[in-house]
Amino acid sequence: MNFELSEEHKMIRDAAREFAQELKAGAIERDEAAKFPTDFVKQMAELGFMGIMTPEAYGGAGMDTLAYVLVLEEIAKIDASAAVIVSAHNSLVLYGLNAFGTEEQKQKYLVPLAKGEKLGAFALSEPEAGSDASSQHTTAEDKGDHYLLNGTKNWITNGGHADIYLVVAQTHPEKGHKGINVLIVEKGLTGFTIGPKENKLGIRSSDTHSLLFSDVQVPKENRIGEDGFGFKFAMKTLDGGRIGIAAQALGIAAGAYDLALAYSKERKTFGKPISDHQAIQFKLADMEVDIEAARLLTYKAAWTKDQGLPYGKEAAMAKLHASEVAMKHTVEAVQIHGGYGYVKEYHVERLMRDAKITQIYEGTSEIQRLVIAREILR
């Protein structure tokens, strides 16, 4: 086993780390205003982050999953909202188009998405279809040369700023999950309405919206895969997406740890830095152990995917552990900061709020345990 990063991976990590420092200056203000970081998304496109795993032939950077994880980790240390914009765009949209789209679909949609000229969103969740993704109430009625799309989607990351949406909908209700399709839907189609932006606890500068479809006509050529492939598409896509969320959670935890460690050396009580007190040392030691374990699980999941091996269990393990660590240790980082951790200027309270969603989206912690249990009992 070799735990050393290649020179190429070190370069992409360092580029992401340098860029993340630019994000820091306005992160608190963007969080308070729930302002989408439009200019920074353009910069991330210029750096190749918005198409990092997409082949160069389709406008991407042609790098591997580990490179993607390194980028997300570094960005999430500073701004988890920016990280999830990259994650949803790459994992849930570009991956699916590249893996399962037709050549025509790739040329028309994947290329501008990978170049960062357009932004993507993945619409799976509904008011009654979250963890139970097979219970799709959004319908795509087959009308011969097109589908008639009706329904509502909830909690859609990039929902307001996306140009291209991959929408999961039920075409054959009598077939259950085998009757589901995924359609490529462009913003601006008649009958397609974007609902108000959600006022969230965390990742506030990432926009989250409901999507409403009323008799939206989607061309038949915009279906991805064979008729009824939609549920399988969603499950395969979410496996990779969980690696992205694991990397985001890892970054949040590591960012909070960095802040807590630095603060513990500066803050003095009883005549010495609080880092000299055993109570603080034990907290820092626990943080270091848990974060490094999360890092190894996340990197291994990325490596497993890159080897072309089954990675569903590895992705679920990484996502479960990293998200639990992020929640636990952002709370500890606030505790180490004391009263200062409870105010916004020290960043850690924002990281604590950002951490919670990593236990929920792209499969709750409970769903990850279910996935893991099924694999080990199979």
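Treat the numbers as computed from the prediction; the structure is a model and nothing was measured.

## Details of the UniProt feature "domain: Acyl-CoA dehydrogenase/oxidase N-terminal" (unreviewed entry) in the chain
Okay, step 1: The sites that carry the UniProt feature "domain: Acyl-CoA dehydrogenase/oxidase N-terminal" (unreviewed entry) are, in the present numbering, residues 6-117.
Okay, step 2: Taken end to end, residues 6-117 is 72% helix and 0% strand, and its first and last C-alpha atoms sit 29 Å apart.

## Here's the deal with helix H3 (residues 38-46)
Okay, step 1: Among all positions of H3, only Phe40, Val41, Met44 and Ala45 are buried. Projection of H3 onto a plane perpendicular to its axis shows the buried side chains occupying an angular sector of 150°, all on one side. Of the exposed residues in H3, the ones pointing more than 90 degrees away from its buried face are Asp39, Lys42 and Glu46.
Okay, step 2: Looking at the buried positions of H3, the neighbouring elements they touch are helix H1 (7-24), helix H2 (27-33), helix H4 (65-78) and helix H5 (80-100).

## Looking at the packing of H1 against H4
Okay, step 1: Between H1 and H4, whose axes approach to 8 Å, the crossing angle comes to 25°. Classified by the angle between their axes, H1 and H4 sit roughly parallel to one another. Handedness of the crossing formed by H1 with H4: right-handed. The residues of H4 that touch H1, namely those facing His9, Ile12, Arg13, Ala16, Arg17, Phe19, Ala20, Gln21, Leu23 and Lys24, are Leu66, Ala67, Leu70, Val71, Glu74, Ile75, Lys77 and Ile78.
Okay, step 2: Broken down by class, the residue content of the contact of H1 with H4 amounts to eleven nonpolar, two polar and five charged.

## Re the pairing of strand E1 (residues 120-123)
Every regular strand shows the same layout, with side chains that alternate between the two sheet faces.
Okay, step 1: A two-sided burial pattern is seen for E1, the buried positions comprising Gly120 and Phe122 on one face and Ala121 and Ala123 on the other.
Okay, step 2: The pairing of E1 with strand E4 (residues 164-170) spans four bridges and is parallel. Looking at E4, one finds that Gly120 is bridged to Ile164.

## A short note on the pattern of salt bridges
Okay, step 1: Taken as a whole, this structure holds 20 salt bridges when the rule is applied.
Okay, step 2: Asp31 is paired through a salt bridge with Arg353; the nearest N and O atoms lie 2.8 Å apart. Residue Asp31 is found in helix H2, and its partner Arg353 is found in helix H10 (residues 348-357); the two are separated by 322 residues along the sequence. Accessibility assignment for this pair places Asp31 and Arg353 in one class, buried.
Okay, step 3: Arg295 is the partner of Glu73 in a salt bridge, and the nearest nitrogen-oxygen pair spans 2.8 Å. Placement of Glu73 in helix H4 and of Arg295 in helix H8 (residues 278-306) is noted, with a sequence separation of 222 residues between them. Each of the two residues, Glu73 as well as Arg295, counts as buried.

## Section: the side chain of Ser210
Okay, step 1: Within the secondary structure, Ser210 sits in strand E7 (residues 208-219).
Okay, step 2: If we ignore the near neighbours within four places in the chain, the residues touching Ser210 are Lys153, Asn154, Thr193, Ile194, Gly195, Pro196 and Glu198.

## Observations regarding a nonpolar patch on the surface
Okay, step 1: On the surface, Met1, Phe3 and Leu296 cluster together to form a nonpolar patch covering roughly 450 Å² of accessible area.
Okay, step 2: One can find Phe3 in the segment before H1.
Okay, step 3: With a relative accessible area of 66%, Phe3 lands in the exposed category.

## Looking at the domain arrangement of the chain
Okay, step 1: Examined at the domain level, the chain breaks down into domain 1 (7-119), domain 2 (121-229) and domain 3 (231-377).
Okay, step 2: Just the C-alpha atoms count here: the centres of domain 1 and domain 3 sit 20 Å apart.
Okay, step 3: Contact residues are listed per partner, giving 27 residues for domain 1 and 34 residues for domain 3.
Okay, step 4: The contact between domain 1 and domain 3 buries some 2,400 Å² in all, and 64% of this surface belongs to carbon and sulfur atoms.
Okay, step 5: Viewed at the interface, domain 3 and domain 1 are joined by two salt bridges.
Okay, step 6: Our count for the contact surface shared by domain 1 and domain 3 stands at eight residue pairs in polar contact (both at pLDDT 80 or more).
Okay, step 7: Of all the secondary-structure elements, those providing two or more residues to the side of domain 1 that touches domain 3 are H2, H4 and H5.
Okay, step 8: Top element by residues in the side of domain 1 that touches domain 3 is H4. It accounts for ten residues.
Okay, step 9: Considered class by class, the residues forming the side of domain 1 that touches domain 3 number 16 nonpolar, four polar and seven charged.

Quick notes on the rules
Think of each chain on its own: its residues are numbered from 1, step by step along the sequence as written. Restriction of local features to residues with pLDDT of at least 70 applies here, the model being predicted, together with a cutoff of 80 or more for giving and counting side-chain atom pairs; totals for whole chains, interfaces and linings are based on all residues. Neither water nor hydrogens contribute to the side-chain values; these are computed over all heavy atoms in the structure. UniProt positions are given in the numbering used here, feature names are shortened, and annotations may be inferred rather than shown by experiment. The secondary structure listing takes helices from DSSP runs of H or I that are at least 4 residues long and strands from runs of E that are at least 2 residues long, numbered from the N terminus. We call a residue buried when its accessible area falls under 20% of the maximum for its residue type, exposed when it is over 50%, and partly exposed in between, using a 1.4 Å probe and counting protein chains only. The arc in question is the one spanned by the directions pointing from the helix axis to the C-beta atoms. Contacts between residues were defined by any pair of non-hydrogen atoms, one from each residue, lying within 4.5 Å. What counts as an axis is a line fitted to C-alpha atoms, over the stretch in contact for a helix, and the angles between N-to-C directions run from 0 to 180 degrees. Roughly parallel refers to an angle under 35 degrees, roughly antiparallel to one over 145, roughly perpendicular to one between 65 and 115, and oblique to any angle outside these ranges. Take the far helix as the reference: if the near one is turned anticlockwise from it by less than a right angle, the crossing is left-handed, and if turned clockwise, right-handed. Ten residue types, Ala, Val, Leu, Ile, Met, Phe, Trp, Tyr, Cys and Pro, are classed as nonpolar, four, Asp, Glu, Lys and Arg, as charged, and the remainder, Gly among them, as polar. In this analysis, strands are considered paired if DSSP registers two or more bridges between them. Whenever a carboxyl oxygen of Asp or Glu lies within 4 Å of a side-chain nitrogen of Lys or Arg, that contact is scored as a salt bridge. Patch members must show over 30% relative accessible area and no salt bridge, and they are joined within 9 Å when carrying like charges or within 5 Å when they are nonpolar side chains of Val, Leu, Ile, Met, Phe, Trp or Tyr. To be clear on the numbers: accessible area is Shrake-Rupley with a 1.4 Å probe, and residue cover counts the displayed protein chains and nothing else. The split of the chain into domains comes from an automatic or database domain assignment. Accessible area, probed at 1.4 Å, shrinks when two parts are joined; the buried area is that loss added up over both. For the purposes of these results, a polar contact is taken to be a pair of N or O atoms within 3.5 Å, where, inside protein, one atom must be able to donate a hydrogen and its partner to accept one; residues adjacent in sequence count only when each atom of the pair is a side-chain atom.

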